[in-house]
2 protein chains.
Amino acid sequence: MNFLEERIVKDGIVKPGNVLKVDSFLNHQMDIALLDEIGREFKRRFADKKITKVLTIEASGIAIAYPVAREFGVPLVFAKKSKSINIEGEMYVAEVESFTHKNKNQVIVSKKFLGPDDHLLIIDDFLANGCALQGLITIAESAGATVEGLGIAIEKGFQIGGRVIRNFGYHLESLAIVDAMDAEKGTITFRAQD
Amino acid sequence: MNFLEERIVKDGIVKPGNVLKVDSFLNHQMDIALLDEIGREFKRRFADKKITKVLTIEASGIAIAYPVAREFGVPLVFAKKSKSINIEGEMYVAEVESFTHKNKNQVIVSKKFLGPDDHLLIIDDFLANGCALQGLITIAESAGATVEGLGIAIEKGFQIGGRVIRNFGYHLESLAIVDAMDAEKGTITFRAQD
């Protein structure tokens, strides 16, 4: 197991309904040393890519993406959800269905911050059905930017998101892929990766 | 001027209605080197405080708070807004009126992550009317935690938030305090601080 898989086994909590709670270290309370290590790991995995910006989505993607942007020495842009009135002017908009909120959101990035010269690394904490990533990819494409890769902390391998994104030919790296969870036993099965 | 004031003058945009846009470097697209410097500056200003956790609020507080938590070597906890269904169990709840969304939100922190042994540094990007910080202070007090200090990147000095929080005796450090803005001339007047 890698460092994130070990931490998930140690501190993650499996709940009924295929919910994996990582709130004590990843997406409510956050362990900065762990996140910094995640940043270094994504830098290793995408070291050969030319990256001009890191793109993520609020809110829990931000803390995963911060150390990645730091490692690459590039700006971090986060897509906002539609209720913000504080973005004016021209915006890229994509529609995204939120797994946690069970509704549709529009996600928005100002046109000022993405363009055809950009080579993006898209980062998020979880990948389940893939709609958030698909929204970010749509925004990147609207901007004419190149998606050099996508980095996910935890992929739910039993949901379709990973397969869809890989089938489109994108370079997707998920640090931990959960292929199965058992809430009664509290066990997690990770997919073996090279 | 300090490093943040200089950046605000260089890249900030004054809009009518006392709106200061810092979206190109602070809260939509983010300059990680600048944010890291903000983290170091808050570490200097609160160096004598015992801090066990950094507390902030989603979403734009997270990137300001990340480097602060990193400098102090402590976990970062961010308060979530009420629409998240992914927090269960016992929670601290405070009601906060959002300046940007013109409505009331409940902000929530799981009781697992704040307690009476905690000494908190509360961090956010903007301070205007102070309701977000008051909500975080309320949550801290509900938990029995000690608020050792509050750190704000940009305070709108012509709004009441800073005065209220200082009047309550809290140690509030704002890296830039904007006392006036002129949208027509594009000028910003910072409060001189030691």
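These numbers were taken from a predicted model, which means no experiment stands behind them.

How should I be thinking about the overall build of chain A in this particular structure?
Within chain A, the secondary structure is distributed over 5 helices and 11 strands. Computed over C-alpha atoms, the radius of gyration of chain A comes to 16 Å, within 12% of the 16 Å expected from 2.2 N^0.38 for 194 residues, which places it in the range of a compact globule. In terms of overall dimensions, chain A has C-alpha extents of about 50 × 35 × 30 Å along its principal axes. By the burial criterion, 56% of the 194 residues in chain A qualify as buried. Excluding contacts between residues fewer than 6 apart, the proportion of contacts in chain A whose partners are at least 24 apart in sequence is 59%. Summing over all exposed atoms, chain A offers an accessible surface of approximately 8,000 Å²; the carbon and sulfur share of this is 46%. Both charge centroids of chain A, one from 24 positive and one from 27 negative side chains, sit 2 Å from each other.

Got a minute to help me understand unusual backbone geometry in this structure?
Peptide bonds are mostly trans, and most non-glycine residues show a negative phi. Residue Glu58 of chain A is joined to Ala59 of chain A through a cis peptide bond whose omega torsion reads -10°. Within the secondary structure layout, Ala59 of chain A lies in the loop between strand S4 (53–57) and helix H3 (60–72). Residue Asn18 of chain B is not a glycine yet carries a positive backbone phi of 60°. Relative to the helices and strands, Asn18 of chain B resides in the loop between strand S1 (13–15) and strand S2 (19–21).

Before we go on, may I ask you to explain the packing of aromatic side chains in this structure?
Two numbers describe a pair of aromatic rings. These are the distance of the centres and the angle of the planes. Per the stated rule, a full pass over the model turns up 3 aromatic pairs over all chains. Here the basic side chain of Lys43 of chain A rests over the ring of Phe72 of chain A, its NZ or CZ set 5.1 Å away from the ring centre.

How should the nonpolar core be read in this particular structure?
For soluble globular proteins, nonpolar side chains are generally found buried alongside one another. Ranked by size, the top nonpolar core spans 77 residues in total, and within it Leu4 and Leu26 of chain A together with Leu4, Leu26 and Ile154 of chain B carry the most contacts. Not counting the four nearest positions on each side in its chain, Leu4 of chain B is found in contact with Phe25, Leu34, Ile38, Ala153, Ile154, Leu175 and Ala176 of chain B. With 27 residues, the next largest nonpolar core counts Ala79, Val109, Leu127 and Ala143 of chain B among its residues.

Explanation requested: the packing of helix H2 (residues 32–45) of chain A against H3 of chain A in the structure shown.
Angle between the axes and distance between the axes are the two parameters that describe a pair of packed helices. All names here are of chain A. Direction vectors running N to C along H2 and H3 enclose 50°, while the axes themselves pass 8 Å from each other. As the angle between them shows, H2 and H3 are arranged oblique. Crossing of H2 over H3 shows right-handed handedness. Between H2, through Leu35, Asp36, Ile38, Gly39, Arg40, Phe42 and Lys43, and H3, the contact on the second element is made entirely by Ala63, Ile64, Pro67, Val68, Glu71 and Phe72.

Is there a simple way to think about the environment of Glu95 of chain B in this case?
Relative to the helices and strands, Glu95 of chain B is located in strand S6 (residues 91–98). For the pair Glu95 of chain B and Gln106 of chain B, spaced 11 residues apart in sequence, the C-alpha to C-alpha distance is 4.4 Å.

So what exactly am I meant to see when it comes to the pattern of salt bridges here?
Two side chains with opposite charge may pair up if their charged atoms get near one another. Residue and element names in this part refer to chain A. A complete count under the given rule lists 28 salt bridges over all chains for this structure. With a closest N to O distance of 2.9 Å, Arg166 and Glu155 form a salt bridge. Residue Arg166 is located in helix H5 (residues 161–167), and its partner Glu155 is located in strand S9 (residues 146–156); the two are separated by 11 residues in the primary sequence. According to the relative accessible area criterion, Arg166 is partly exposed, its value standing at 30%. The class of Glu155 is buried, set by a relative accessible area of 1%. A single network of salt bridges, built from pairs that share partners, joins Glu37, Arg40, Glu41, Arg44, Arg45 and Glu173.

Where do I start with the side chain of Asp125 of chain A in this structure?
Checked against the element boundaries, Asp125 of chain A lands in strand S8 (residues 119–127). Here Asp125 of chain A occupies a buried position and makes no salt bridge, while the nearest side chain of opposite charge, Lys80 of chain B, is found at 7.2 Å. If we ignore the near neighbours within four places in the chain, the residues touching Asp125 of chain A are Asn27, Ser60, Gly61, Ile64, Ile152, Ala153 and Ile154 of chain A.

Honestly, the side chain of Asp36 of chain B in this entry has me stumped. Any pointers?
Among the structural elements, Asp36 of chain B can be located in helix H2 (residues 32–45). Accessibility expressed as a relative area gives 10% for Asp36 of chain B, which makes it buried. Once you skip the residues sitting within four places of it in the chain, Asp36 of chain B turns out to touch Tyr66 and Arg70 of chain A together with Pro67 of chain B.

Just checking my understanding: could you explain the confidence of the model for chain A for this structure?
Regions with low pLDDT carry predicted coordinates that are not meant to be interpreted in detail. Scored by pLDDT, chain A has a mean of 93; 94% of the residues are at 70 or more. Scoring the predicted complex yields pTM 0.95 and, for the interface, ipTM 0.94.

Procedures and definitions
- Residues numbered from 1 in each chain as written.
- Chains lettered and ligands numbered in written order.
- Predicted model: local features only at pLDDT ≥ 70, side-chain atom pairs only at ≥ 80, totals over all residues.
- Heavy atoms only, no water.
- Helix = DSSP H or I, 4+ residues; strand = E, 2+ residues; numbered from the N terminus.
- Rg over C-alpha atoms; globule rule 2.2 N^0.38 Å.
- Buried < 20%, exposed > 50% of the residue type's maximum accessible area, 1.4 Å probe, protein only.
- Contact = heavy atoms within 4.5 Å.
- Areas by Shrake-Rupley, 256 points an atom, 1.4 Å probe, with all protein chains shown as cover.
- Lys, Arg positive; Asp, Glu negative; His and termini not counted.
- Charge placed at Lys NZ, Arg CZ, Asp CG, Glu CD.
- Phe/Tyr/Trp six-rings, centres within 6.5 Å; stacked < 30°, edge-to-face > 60°.
- Lys NZ or Arg CZ within 6 Å of the ring centre and 35° of its normal.
- Core = buried A, V, L, I, M, F, W, Y, C linked by side-chain atoms within 4.5 Å.
- Axes fitted to C-alpha atoms, helices over the stretch in contact; angles between N-to-C directions.
- Parallel < 35°, antiparallel > 145°, perpendicular 65-115°, else oblique.
- Left-handed = near helix turned anticlockwise from the far one by under 90°.
- Salt bridge = Lys/Arg side-chain N within 4 Å of Asp/Glu carboxyl O.
- pLDDT = per-residue confidence, 0-100.

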